[in-house]
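Chains, contacts and geometry: an overview
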Amino acid sequence: MKPAIYSYCLLLMLASCQNFLEEAPDSTLDTKIDSEEKIAELLTGGYPDASYFAFLEARTDNVEERINGNHSRLNEAMFFWEDYEQNDLDTPLNYWNACYKGIAHANQALECLARFPKNDRTKALYGEAFLLRAYLHFMLVNIWAEPYSPEKSTSAPGIPYLTRPEKEALPQYDRITVKEVYDHIEKDLKLGLSLVDDNFYQNPKFHFNKKAAYAFASRFYLMKGEWELVIKYSDYVLGNNPGELLRNWQKYSDEFYFNRKQLYTRYASSEDPANLLLTTTESRIARNMPAEKYGVTSNTANKIFNQHGIEGSTDFKKIFMEPLFLFNYDIGQVKDAQYIAKFDELSTSGYTGSYPRDLYVTNVLFTTDEVMFNRMEAYVMKNEYNRAIDDLKLYLNAKYGITLACSRTDYTQTSSSNYKIYTPFYGLSIKQLAMVKILTGFRRQEFLHEGLRWFDLRRFYMPVTRKSKYSFYHPLEKEDPRKLLQIPTEAIKQGLTPNPR
């Protein structure tokens, strides 16, 4: 099979490496990367310069139709879980291309490193390359393939896993199974973890520094349901005083309560201890998300932030969280829109037309908050409820100044009707169900606008129902094939098997 997309990604990789080429590349890709510094620069260019936030967030239950919102075909297609084939900023195809371009960078770096003597610097570069390759494949398989499941993953089609630089214009590829993809990721991840070294980074948070690598491992093993490893890697990230590392919304409120539109200056800052890995992407999300037609409204914000709490508790069944997240309410003509200013934007051209380019936004890819949630969930799945409750109480107090005066048994009580919603491959006891519901609710609040809710909808096989008058609308079912984005058309034309529809 010869998907054209990979030759395209190869060309992108070569274009981005022209600083390293003393002459035009020939068919053997004999690039003149003749120093460790140039390999480091090659890897820096491998981090995704495209964002998944916009196209995944619009697919979640965080959004609904806004009155007088700005229409775009991308936003509408994602809201109704339709396939979208155009290549533009914030599209699925743009992210697919960026991931395979980054993989090409990592593979080229690994090939070049084989020609260098082994020392501390080259070992660290090996580590970064393995981690980058693992992460990019991980994101691809979790967007374009079935969720991981020991039973299903041995036969479910995954994505091509690329482990070498290509010498041909149209290389042969197949979709290996989800399990095979996860096996490759795990191998690269373990190698990366054993070699990563922060001592050679000038800007550690824009690279796979050690804590970011362990945060990735925490997420990876959460998806696999390997709870001991989730806890092991989370413990390293969180240390002895996790409260000091979490995103402190109390301090945000002191600084930005009367200037909420400037929140992004702290939220996406490398100085915030909560942020572990950042990347700069070309994106319109900062200007589009506040006012587009399908987004967060006063209704969905109320549901997400004010109707959630500790179900078994009389006094804390619902916790009024919305004021703590510094929403912007006044967004032009879109009266029911709500938005948290998490995204910065740097325009290098100043162009403000309908489809401007050269807009650069910082994406926060891993945080201590996510790691804390991973550990809490792992404790729950190991029936260590007190540890999970202790972490949750610390989390709410350190970040929001909230103290929950409810009994520990309140946390493990819920209706059995919730089994219709949460059905992960590993099954849940009623106590686990109760706490998973609590944790996913708070996780949903924390990562609003950032697309992470989509991964929870997939791994728990949660349905989504929209309010829509359109005849073509159909609710998203628990095991709906639309939870897998469609393989890009050009790749399908060249032989990659499409996802079912």
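These numbers were taken from a predicted model, which means no experiment stands behind them.

1. Things to note about the sheet that holds strand β5 (residues 359-367)
- Taken together, three strands build an open sheet; the order of strands is β2-β5-β4 and the sheet is antiparallel. The open sheet has two edge strands, β2 (275-282) and β4 (346-347), and neither has a second partner.
- Two elements, β4 and β5, share two bridges in a ladder whose sense is antiparallel. Bridge pairing in β5 places serine 347 opposite leucine 359.
- Those strands touched by helix α8 (residues 210-224) are β2 and β5, and its axis lies near 70 degrees from that of β5.
- The strands touched by helix α14 (residues 368-381) within the sheet are β2 and β5, with β5 carrying the most contacts at an inclination of about 30 degrees.

2. A few points about the environment of alanine 54
- One can find alanine 54 in helix α3 (residues 53-57).
- Residue alanine 54 is classed as buried on the basis of its relative accessible area, which comes to 16%.
- C-alpha separation for the pair alanine 54 and isoleucine 285, spaced 231 residues apart in sequence, amounts to 6.4 Å.
- Setting aside chain neighbours within four positions, we find alanine 54 in contact with Asp90, Ile285 and Met289.

3. Focus on helix α2 (residues 36-44)
- When α2 is considered as a whole, its buried residues turn out to be Glu36, Ile39, Ala40, Leu42 and Leu43. Seen from one end, α2 has its buried residues packed into an arc of 155 degrees, which puts them on one side.
- Residues of α2 that are buried make contact with α5 (92-113) and α6 (120-144).

4. Overview of the nonpolar core
- Tyr52, Tyr95, Tyr135, Phe208 and Phe216 are the most contacted members of the largest nonpolar core, which totals 161 residues.
- Ranked by residue count, the leading element in this core is α6, at 15 residues.
- Tyrosine 52 has contacts with Tyr95, Tyr135, Met139, Ile143, Leu365, Glu450, Leu452 and Phe455, leaving out every residue within four places of it along the chain.

5. Concerning the side chain of histidine 308
- With respect to the secondary-structure elements, histidine 308 resides in the loop between α13 (298-306) and β4.
- Within the structure, the side chain of histidine 308 is placed 3.0 Å from the backbone oxygen of isoleucine 438, a separation counted as a polar contact.
- Among all residues touching histidine 308, those that are not within four sequence positions of it are Lys303, Lys317, Lys318, Ile319, Lys437, Ile438, Gly441, Phe442 and Gln445.

6. A short note on the pairing of β2
- Within β2, seven of the eight residues are buried, which leaves it mostly tucked inside the rest of the structure.
- For β2 and β5, the ladder comprises seven bridges, and the chain directions are antiparallel. By the bridge assignment for β5, threonine 281 is matched with valine 361.

7. Observations concerning the pattern of salt bridges
- Overall, the coordinates contain 38 salt bridges when judged by the stated rule.
- Here arginine 133 makes a salt bridge to aspartate 188, at a shortest N to O gap of 2.8 Å. On the criterion of sequence distance, the pair formed by arginine 133 in helix α6 and aspartate 188 in helix α7 (residues 178-195) is long-range, its members being 55 residues apart. As far as burial versus exposure is concerned, arginine 133 and aspartate 188 are alike and both buried.

8. A closer look at the environment of tyrosine 100
- Along the chain, tyrosine 100 falls in helix α5.
- Tyrosine 100 sits in the buried class, given a relative accessible area of 1%.
- The spatial distance from the C-alpha of tyrosine 100 to the C-alpha of proline 48 is 8.9 Å, given a sequence separation of 52 residues.

9. Some points on the packing of α14 against helix α16 (residues 430-446)
- Axis separation between α14 and α16 bottoms out at 10 Å; the angle between their running directions is 175 degrees. Classified by the angle between their axes, α14 and α16 sit roughly antiparallel to one another. Every residue of α16 that contacts α14 at Asp369, Glu370, Phe373, Asn374, Met376, Glu377, Val380 and Met381 is listed here: Gln432, Met435, Val436, Leu439, Phe442, Arg443 and Glu446.
- Of the residues assigned to the contact of α14 with α16, the class counts are eight nonpolar, two polar and five charged.

10. Observations regarding the packing of aromatic side chains
- If you walk through the whole model with that rule in mind, you get 47 aromatic pairs.
- Centroid distance phenylalanine 80 to phenylalanine 472: 5.2 Å. Interplanar angle 75 degrees. Geometry classified as edge-to-face. Placement of the pair is phenylalanine 80 in the loop between α4 (73-79) and α5 and phenylalanine 472 in the loop between α17 (452-459) and α18 (489-493), with a sequence separation of 392 residues.
- Their ring planes at 50 degrees and their centres at 4.8 Å tell us that tryptophan 249 and phenylalanine 325 sit as a pair that is tilted. Taken together, the positions of tryptophan 249 in helix α10 (residues 249-256) and phenylalanine 325 in the loop between α13 and β4 put the pair 76 residues apart, joining distant regions of the chain.
- Relative accessible area serves as the criterion here: at 1%, tryptophan 249 is assigned to the buried category.

11. Observations regarding the confidence of the model for the protein
- When pLDDT is averaged across the protein, the result is 92; 92% of the residues are at 70 or more.
- Low confidence marks residues 1-30, where pLDDT is under 50. Its contacts with residues over four positions away, or in another chain, come to 66 contacts.

12. Quick look at unusual backbone geometry
- The backbone phi angle of aspartate 90 is positive, close to 70 degrees, even though this residue is not glycine.
- Within the secondary structure, aspartate 90 sits in the loop between α4 and α5.
- Residue class for aspartate 90 comes out buried when judged on its relative accessible area of 4%.

13. Looking at the side chain of arginine 459
- Locating arginine 459 in the fold gives a position in helix α17.
- Residue classification places arginine 459 among the buried residues on the basis of a relative accessible area of 11%.
- Within polar-contact distance, the side chain of arginine 459 engages the side chain of aspartate 456 at 2.9 Å.
- If near-sequence neighbours (up to four positions away) are discounted, arginine 459 is found in contact with Pro147, Leu222, Met223, Glu377, Pro424, Tyr426 and Arg443.

Reading guide: rules and limits
Residues numbered from 1 in each chain as written. Predicted model: local features only at pLDDT ≥ 70, side-chain atom pairs only at ≥ 80, totals over all residues. Heavy atoms only, no water. Pairing = 2+ DSSP bridges. Helix = DSSP H or I, 4+ residues; strand = E, 2+ residues; numbered from the N terminus. Contact = heavy atoms within 4.5 Å. Axes fitted to C-alpha atoms, helices over the stretch in contact; angles between N-to-C directions. Buried < 20%, exposed > 50% of the residue type's maximum accessible area, 1.4 Å probe, protein only. Arc of directions from axis to C-beta. Core = buried A, V, L, I, M, F, W, Y, C linked by side-chain atoms within 4.5 Å. Polar contact = N/O pair within 3.5 Å; in protein donor to acceptor, adjacent residues only side chain to side chain. Salt bridge = Lys/Arg side-chain N within 4 Å of Asp/Glu carboxyl O. Parallel < 35°, antiparallel > 145°, perpendicular 65-115°, else oblique. Nonpolar A, V, L, I, M, F, W, Y, C, P; charged D, E, K, R; others polar. Phe/Tyr/Trp six-rings, centres within 6.5 Å; stacked < 30°, edge-to-face > 60°. pLDDT = per-residue confidence, 0-100.

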